[in-house]
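Residue strings, one per chain:
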Amino acid sequence: MKKSIANNYFYNAAYQGLSMVTPLIITPYISRVLGADGIGIYSYELSAVTYFVLFATFGTYTYGQREISYNQENRDNRTRIFWNTEALSCISTVLCLAAYFLYLIIFRSNVLSCYIFALNIITVSLDISWVFQGMEDFGKVVSRNIFFKILNIILIFSFVKSSGDLDKYILIMSALPLCSAVFLWPFLKEIVGPPDIKNIRPFTDFQSILSMFIPALAISIYTVLDKTMIGFFSAEGKYENGYYEQSVKISKTALTIITAMGTVMAPRVGYHYEKNEMDAVRVYIYRSFRFVWMIGIPLCFGLIGISSSFVPWFYGRGYEKCILLLKILSVLIPVIGISNVTGIQYLVPSKRQGILTGTVLAGAVFNFVINLLLIPKFFSAGAAAASVMAEGLISCIQLYIVRRELSVKKILLSSLSYFFAGIVMLAVLLITGRFIKPSAAGTVILILTGSMVYFFILKIIRDDFYLAQKEKLWKKVRYKKRESRNEDI
């Protein structure tokens, strides 16, 4: 394998770091300019188009990435896989785009913003980042993402000035991903050859693609359904969706640090699985679990500890409910991290997406039932609690299913040192938070304090995984410094 997992994770982590900073820059501004009602409208309308985007994607992204990872050393196979998959993506996109316009004509004929959202569907057929991820070539993808993320910040501050600029905000959020998707096409010739039109067979592996689509469908429906049901059951649906949207945005931003590793590891696991190197597969999977515990637990406890200080100054007045929502949704970080390892990093590369489908469908049904019970009474808080319980169920089922191949005891025991350090960190944050008024400076102090306490505890108890990663990082830094000095000479 020519690509370095450390380098690929660094690329992804750099982008995810920017993804974390971006909401810190944009969200306070948008929260005040558009208000909870404007954000709620955006969230609700986005939830509608997401269903069509999901069907347009149709599992091609996950399937394409996996198949490309199997054929990193065979250009002819990659070419065939790409054009077959891309042809199916174009067909599904056209069908879903037609269905969406029919939906608008019947139900939303005079709402301009809904027509702007159609750009999200068009983007599906143009997004080929899965090819580069399958090849473990994350540099181009991340460079593109960083450029358009910065452009997104600039455009929002330049053109979204008042609550009347909601359509401009929607246009920026929908058009930039489309431009971003087009950006990678010039680099495609490095990976695949030109299409042989006569031999394109978009439905060749339709059954496998369908099997990957079903879990994605279930996951997306029950995550998007939360917002739809909040709007349906709550008389204050716009505001409740606004609170929920902003809180989910922060928790998912933190979660991206975990899923960045999944993006890197899935093609690597697929490569070794195809070569029947199962010992290597298990080594990488156990390493991923340790990473989820080491990073996910402090992120979870950290959000709980700083939410009371963070929300008042970050969102402004009227968003007090986000404090509770953030505390609930923070639990999703380690929970989804675990299911990401068992599902995306292990079951999918090992061609058992059917098992993943079953677990996700179980979670989706469970989530829907709990939503029916909790949302009418607790609104956005009920939806948040239902999401946590559903994701927890999925993770537990998946761990039970793989128990004969992976040691669940080893996985769970590997979390103990991180839970201990995390609990100590949370206690320190809660005590310190009593003496610090809600402010940006106060939140920074809490984050720095919590981080120092957490990693100091890991150092004291001599956690081997943390110490090993720290040593690797220092070696890389020293190597870069030596390279820099040699270039200067």
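Residues numbered from 1 in each chain as written. Predicted model: local features only at pLDDT ≥ 70, side-chain atom pairs only at ≥ 80, totals over all residues. Heavy atoms only, no water.

## Concerning the overall build of the protein
Consideration 1: Tallying secondary structure elements over the protein gives 19 helices and zero strands in all.
Consideration 2: When each of the 489 residues of the protein is scored for burial, the buried share is 53%. (Helix = DSSP H or I, 4+ residues; strand = E, 2+ residues; numbered from the N terminus. Buried < 20%, exposed > 50% of the residue type's maximum accessible area, 1.4 Å probe, protein only.)

## Observations regarding a nonpolar patch on the surface
Consideration 1: The grouping of Phe232, Phe233, Val365, Phe368, Val369, Leu372 and Leu373 at the surface amounts to a nonpolar patch, some 680 Å² of accessible area in total.
Consideration 2: Mapped onto the secondary structure, Val365 falls in helix H14 (residues 353–378). (Patch = residues over 30% accessible without salt bridge, like charges linked within 9 Å, V, L, I, M, F, W, Y side chains within 5 Å. Areas by Shrake-Rupley, 256 points an atom, 1.4 Å probe, with all protein chains shown as cover. Salt bridge = Lys/Arg side-chain N within 4 Å of Asp/Glu carboxyl O.)

## Overview of the environment of Leu210
Consideration 1: Along the chain, Leu210 turns up in helix H9 (residues 206–233).
Consideration 2: Leu210 gets classed as partly exposed once you look at its relative accessible area, which sits at 31%.
Consideration 3: On a C-alpha basis, the gap between Leu210 and Gln353 in space is 9.9 Å, while along the polypeptide they are 143 residues apart.

## What to know about the pattern of salt bridges
Consideration 1: As enumerated under the stated definition, the model contains eight salt bridges in all.
Consideration 2: Arg290 serves as the salt-bridge partner of Asp464, at 2.8 Å between the closest nitrogen and oxygen. Residue Asp464 is located in helix H19 (residues 464–488), and its partner Arg290 is located in helix H11 (residues 278–315); the two are separated by 174 residues in the primary sequence.
Consideration 3: Taking relative accessible area as the criterion, Asp464 reaches 52% and is therefore assigned exposed.
Consideration 4: Connected through shared salt-bridge partners, Arg290, Asp463 and Asp464 make up one network.

## A few points about helix H3 (residues 75–107)
Consideration 1: Across its 33 residues, H3 extends 47 Å between first and last C-alpha, which sits within 8% of the 48 Å expected from 1.5 Å per residue.
Consideration 2: One side-chain oxygen at the N-terminal end of H3 lies 3.2 Å from the backbone nitrogen of Asp76; it belongs to Asn74. (Expected span 1.5 Å × (residues − 1). Polar contact = N/O pair within 3.5 Å; in protein donor to acceptor, adjacent residues only side chain to side chain.)

## What about the packing of helix H7 (residues 138–159) against helix H8 (residues 166–183)?
Consideration 1: At their nearest, the axes of H7 and H8 sit 10 Å apart, and the two run at 160° to each other. In terms of orientation, H7 lies roughly antiparallel with respect to H8. Crossing hand, H7 versus H8: right-handed. Facing Arg144, Asn145, Phe148, Leu151, Asn152, Leu155, Ile156 and Phe159 of H7, the residues of H8 in contact are Lys168, Tyr169, Ile172, Met173, Leu176, Cys179, Ser180, Ala181 and Phe183.
Consideration 2: Split by residue class, the contact of H7 with H8 holds twelve nonpolar, three polar and two charged. (Axes fitted to C-alpha atoms, helices over the stretch in contact; angles between N-to-C directions. Parallel < 35°, antiparallel > 145°, perpendicular 65-115°, else oblique. Left-handed = near helix turned anticlockwise from the far one by under 90°. Contact = heavy atoms within 4.5 Å. Nonpolar A, V, L, I, M, F, W, Y, C, P; charged D, E, K, R; others polar.)

## So, the packing of helix H17 (residues 416–433) against helix H18 (residues 440–460)
Consideration 1: Interhelical geometry of H17 versus H18 gives an angle of 150° and a closest axis separation of 9 Å. Judged on the interaxial angle alone, H18 and H17 are roughly antiparallel. Taken as a pair, H17 and H18 cross one another with a handedness that is right-handed. Of H18, the residues touching H17 (which contributes Ser417, Tyr418, Phe420, Ala421, Gly422, Val424, Met425, Val428, Leu429, Thr432 and Gly433) are Leu446, Thr449, Gly450, Val453, Tyr454, Ile457 and Leu458.

## Focus: the packing of aromatic side chains
Note on aromatic pairs: each is described by the distance of the centres and the angle between the planes.
Consideration 1: The final tally for this structure, using the stated rule, is 28 aromatic pairs.
Consideration 2: Taking the centre distance of 4.7 Å and the plane angle of 80° together, the rings of Phe82 and Trp83 count as edge-to-face. Trp83 matches Phe82 in its accessibility class, with the two residues each being buried.
Consideration 3: Seen in terms of ring centroids, Phe314 and Tyr315 are 5.0 Å apart; in terms of plane orientation they differ by 85°. Their pairing is edge-to-face. Here the two residues Phe314 and Tyr315 agree in accessibility, since each one is buried. (Phe/Tyr/Trp six-rings, centres within 6.5 Å; stacked < 30°, edge-to-face > 60°.)

## Topic: the side chain of Ser247
Consideration 1: Along the polypeptide, Ser247 turns up in helix H10 (residues 237–274).
Consideration 2: In this structure the side chain of Ser247 is engaged in a polar contact, spanning 2.9 Å, whose partner is the backbone oxygen of Tyr243.
Consideration 3: For Ser247, the residues in contact, after removing those within four places along its chain, are Tyr315, Cys322, Leu325, Leu326 and Leu329.

## Overview of helix H13 (residues 332–347)
Consideration 1: Where H13 bends most, the angle comes to about 35°, and this point is Asn340.
Consideration 2: Here H13 lies mainly inside the structure; 15 of its 16 residues are buried. (Bend = angle between axes of the 7 residues up to and from the residue.)

## Looking at the environment of Ile370
Consideration 1: Relative to the helices and strands, Ile370 is located in helix H14.
Consideration 2: Residues Ile370 and Gly382, twelve residues apart in the sequence, show an inter-C-alpha distance of 8.2 Å.
Consideration 3: Ile370 has contacts with Ile375, Ala386 and Met389, leaving out every residue within four places of it along the chain.

## Digging into the side chain of Gln345
Consideration 1: When you line up the elements, Gln345 lands in helix H13.
Consideration 2: By relative accessible area, Gln345 is classed as buried at 1%.
Consideration 3: A polar side-chain atom of Gln345 sits 2.7 Å from a polar atom in the side chain of Ser288.

## Looking at unusual backbone geometry
Consideration 1: Phi at Asn276 is positive, roughly 60°, even though this residue is not glycine.
Consideration 2: Phi at Arg462 takes a positive value of approximately 60°, unusual for a residue other than glycine.
Consideration 3: Note on placement: Arg462 falls in the loop between H18 and H19.

## Comments concerning the environment of Lys140
Consideration 1: With respect to the secondary-structure elements, Lys140 resides in helix H7.
Consideration 2: The class for Lys140 is partly exposed, based on a relative accessible area of 22%.
Consideration 3: Separated by 47 residues in sequence, Lys140 and Phe187 place their C-alpha atoms 8.6 Å apart.
Consideration 4: The contact partners of Lys140, leaving out residues within four places of it in the chain, are Phe132, Leu184, Phe187 and Glu190.
Consideration 5: In terms of polar contacts, Lys140 uses its side chain to reach the side chain of Glu190, at 3.4 Å.

## What to know about the confidence of the model for the protein
Consideration 1: Across the protein, the average pLDDT comes to 85, with 88% of residues at or above 70.
Consideration 2: Mean pLDDT values over the elements of the protein span from 69, in H19, up to 96, in H17. (pLDDT = per-residue confidence, 0-100.)

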